[in-house]
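If you want the building blocks of each chain, they are given just below.
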Amino acid sequence: MKIKLDFHMIKGDGDSSYAKNSSTQGKAILSTKPMVEKATKEICMDLQPRSMVVADLGCSSGANTLLFISEVIAIISEETHASNNNRECPMEVQFFLNDLPNNDFNHNFQLLEQFKQSIVRDCARKGLQHPPYYIAGVPGSFYTRLFPCNSVHIFHSSFSLMWLSQVPDPLDSSMNKGNIYIGVTTPPLVAKLYLHQFEKDFSQFLQTRFIELVPGGKMVLTFLGRKTNDVVHGGGMMNTSLELLSQAMHTLVVEGRVEKEKLDSFNLPMYGPSVDELKQLVQESQLFDIIDILPFDLTFDPIDKLELEESATTITGRPYSIHEAIYR
Ligand SMILES: C[S@@+](CC[C@H](N)C(=O)[O-])C[C@H]1O[C@@H](n2cnc3c(N)ncnc32)[C@H](O)[C@@H]1O
């Protein structure tokens, strides 16, 4: 499979769709709202752009990306109200939703009419006026250039940067037998190859975003990562849930329903970094300053029904949110 062309979350809004199975990711967006708020307010005050450009990288399909957009619109509405809207022209906002080309962008666009009505209702309830805003899709990998130089004020990405651009190279079918990610029986060399691929990809991400961000622009990035520097036993949702998935696939091999060679040669293009790994890569790039870095836990509830939360199996995950400001 070519990730750049074929990869996508499950489309539409059926029972197994991403849209219906992403409440945990939605909780991460709610948890990082204070960082988004701080970044947006600072851009409004310090840069006072006539048109603010905001991009959500790895937006996927469903309500989560619209939740982020609604947060930004609410923050700007409040900010403009607080400053008595004493601008000659109101600030307008351009949102870009980015994901790989095979993402279900149509589903997002179909949700827009309802979304716009909810923004009007929300602002009316608070006695505020929302800024004029425009929403467009940008297909392409966030490991490549997506926007013109110096054109974006805020980059946001949540639960997406753990996806690598490819399975680590040169990881062949015999090197990580029985595992689909870094598991307890994974040789240290394989774990190193995973780390190297993440370093390569994330450094590329930082370099491209540096070119595209306006001077003084900000990024709020939320990662699915791990608690410690121990890549095998680091804890968190990735180690735990992928180990369970690996065991489940093993059962299918034992039952003769999946060929052993297929499982042995399958490796996920994902990597959950530690806080130290992230800090080091940002520092080494010499392109960005980290303003805040905040590890937080989320309960993993695959079922989108709040009333079931108490009884759902909880696996602790640990995404990291980095809020970075540019330094030129
Ligand atoms: C788990 S979803 C998160 C979606 C959304 N941000 C949320 O919080 O619900 C990860 C998304 O990242 C996208 N993705 C993975 N690699 C990507 C890349 N290189 N460029 C753009 N999007 C990518 C996937 O297609 C997927 O839609």
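Source: prediction; values computed, not measured.

What counts and how
Residues numbered from 1 in each chain as written. Predicted model: local features only at pLDDT ≥ 70, side-chain atom pairs only at ≥ 80, totals over all residues. Heavy atoms only, no water. Buried < 20%, exposed > 50% of the residue type's maximum accessible area, 1.4 Å probe, protein only. Helix = DSSP H or I, 4+ residues; strand = E, 2+ residues; numbered from the N terminus. Arc of directions from axis to C-beta. Phe/Tyr/Trp six-rings, centres within 6.5 Å; stacked < 30°, edge-to-face > 60°. Lys NZ or Arg CZ within 6 Å of the ring centre and 35° of its normal.

### Quick look at helix α9 (residues 275–285)
For α9, the set of buried residues is V275, E277, L278, L281 and V282. Within α9, the buried residues cover an arc of 165 degrees as seen down the axis, which keeps them to one side. Set apart from the buried face of α9 by more than 90 degrees, the exposed residues are Q283 and E284. Trailing α9 by a residue or two, Q286 shows a phi angle of about 55 degrees, which is positive.

### Some points on the packing of aromatic side chains
Overall, the coordinates contain 13 aromatic pairs when judged by the stated rule. Here the aromatic rings of F142 and F205 are separated by 5.8 Å at their centres, their planes lie at 90 degrees, and the arrangement is edge-to-face. Placement of F142 in the loop between β3 (133–139) and β4 (152–158) and of F205 in helix α6 (residues 188–212) is noted, with a sequence separation of 63 residues between them. The exposure classification of F142 matches that of F205, with both residues buried. For the pair Y181 and Y194, a centre-to-centre distance of 5.4 Å together with 80 degrees between the ring planes defines the contact as edge-to-face. Note that Y181 is positioned in the loop between β4 and α6 and Y194 in helix α6, a separation of 13 residues in sequence. The pair formed by Y181 and Y194 is uniform in burial state, with each residue classed as buried. Here the aromatic cluster, defined as three or more aromatic residues joined through ring pairs, consists of F142, Y143, F198, F202, F205, F223 and Y271. Stacked on the ring of F205, the Lys or Arg R209 has its end atom at 5.0 Å from the ring centre.

Function-wise, these values are silent; they only describe arrangement.
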